Amino acid sequence: MQRRILLNSLALVALCAPGLALAQSYPERPVKLVVPYAPGGSADIVARMISEEWGKALGKPLVIENKGGAGGNVGVDSVAKSAPDGYTIGLQTVSLAINPALFAKMPYDTLKDLAPIGMVASSQHVLVVNDALPAKNLKELMALAKSKPGDLSYGSAGSGSTFHMSAELFKAQAGLAILHIPYRGGGPALTDTIGGQVQMSFPVLSAAKGHVETGRLRALGVTGPKRSALMPNVPTIAEAGLPNYAFETWFTVFAPAGTPQPVIDKLNATLVAVLQSPEMKERMSKDGFEATPSTPAQARTRIASEMPMWAKLVKERGITAN
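All figures in this text were calculated on a predicted structure; none of them were measured in a lab.

Draft legend 1. View of the layout of surface pockets. As a volume, the largest pocket reaches approximately 950 Å³. For the largest pocket, the lining is made up of 45 residues, of which Tyr 37, Ala 157, Ser 161, Phe 163 and Gly 185 are closest to its centre. Elements supplying a minimum of two residues to the lining of the largest pocket: α2 (42–58), α4 (95–102), α7 (162–174), α8 (186–195) and α9 (205–213). Among the elements that take part in the lining of the largest pocket, α2 stands out by supplying four residues, more than any other. Taken together, the residues of the lining of the largest pocket break down into 19 nonpolar, 23 polar and three charged. A volume near 260 Å³ is recorded for the second largest pocket. Of all elements in the fold, only β4 (114–123), α12 (278–286) and β11 (289–291) reach the threshold of two or more residues within the lining of the second largest pocket. Top contributing element to the lining of the second largest pocket by residue count: β11, with three residues. In terms of residue class, the lining of the second largest pocket is built from five nonpolar, six polar and five charged.

Dropping the structure here:
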């Protein structure tokens, strides 16, 4: 019996040895961090915000590679199909939970082909309207939209974008018919909201803040569950008249499925240490982000728990990525 236990223990050590050895020496070279969007967007901003300090914590640089296309699916798929050795990882937004419902064919399985490392940050959007619109608050806007179904329009950064999904969630919960006008990016949508070509938009706070302060746009509510330090005088949409509404863009990092757990654990521990530093928290806050460190299991739970909600919304609203 003792001999059998010893043999089983040795077998277990042999199985674990490659992963343990890799974790001890990892990383031996720079780590590639894939951002599945073009430079300049919120995911790219978050990646560049954390990459230098995270690289220092790991002992090797994190090299960012922007690989956009198909709402982020191209870049995420490239990570999913990479060698599971910890040298190619990715950063994606809430689209990780939304895209499986938006796209008829996905090149990867979110829960089977990816190994979450941890949550990174979250950011809010804000409902802004053209200053000429007579609605001075959220309740007045909802009353106006209900009195003129289909007459009002909102601009988004494109079909399937977080601008789009936050607005569709708002429309669904408020029971409103507001026309969606997709643009090639959030900038043009915001410009046309200011110009009055569309009456409203749901941009990220940092993009709208200056226009709200100068009076070119009116902020009626932030999308998150609590007020933002960037716009402390603007109520949440839930406070302003739609009690169950809450939307945040979150950011998470992940590796290919099959990456040794000791490597995942090392990536997570160093990431958490970076996100918990007062300097990083302050830096994120100034740009409208909130650091949200988590365990790999917590990241997986959040992704998995939100997928059914988005699938339901997409089906009921007939939303497509085109």
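Continuing now.
Draft legend 2. Main features of the sheet that holds strand β1 (residues 31–35). If you trace the six strands from one edge of the open sheet to the other, you get β2-β1-β3-β10-β4-β11, paired in mixed fashion. Since the sheet does not close on itself, it has two edges, and those belong to β2 (62–66) and β11, each with one partner. Each neighbouring strand pair of the sheet contributes to a mean axis angle of 30°, computed without reference to strand direction. Direction of pairing for β4 relative to β11: antiparallel, over a ladder of three bridges. Each residue of the ladder has a partner; that of Ser 123, found in β11, is Phe 289. Across the sheet, helix α13 (residues 296–317) lies against β4 and β10 (249–256), angled at about 80° from β4, the strand it touches most.

Draft legend 3. How the structure looks around empty space enclosed by the protein. Tallied over the entire structure, the rule returns one cavity of 30 Å³ or more. In this structure, the largest cavity spans a volume of roughly 30 Å³. What lines the largest cavity is simply Leu 96, Thr 110, Leu 114, Ala 115, Pro 116, Phe 254 and Ile 303. Residue contributions to the lining of the largest cavity peak at three residues, all from β4. Residue composition of the lining of the largest cavity, by class: six nonpolar, one polar and no charged.

What counts, and at which threshold
Residues numbered from 1 in each chain as written. Predicted model: local features only at pLDDT ≥ 70, side-chain atom pairs only at ≥ 80, totals over all residues. Heavy atoms only, no water. 1 Å grid on protein atoms, 1.4 Å probe; cavity = no way out; pocket = protein on both sides within 12 Å on 5 of 7 lines; lining within 4 Å. Points joined across faces, edges and corners; volume = space filled by probe spheres on them. Helix = DSSP H or I, 4+ residues; strand = E, 2+ residues; numbered from the N terminus. Nonpolar A, V, L, I, M, F, W, Y, C, P; charged D, E, K, R; others polar. Pairing = 2+ DSSP bridges. Axes fitted to C-alpha atoms, helices over the stretch in contact; angles between N-to-C directions. Contact = heavy atoms within 4.5 Å.

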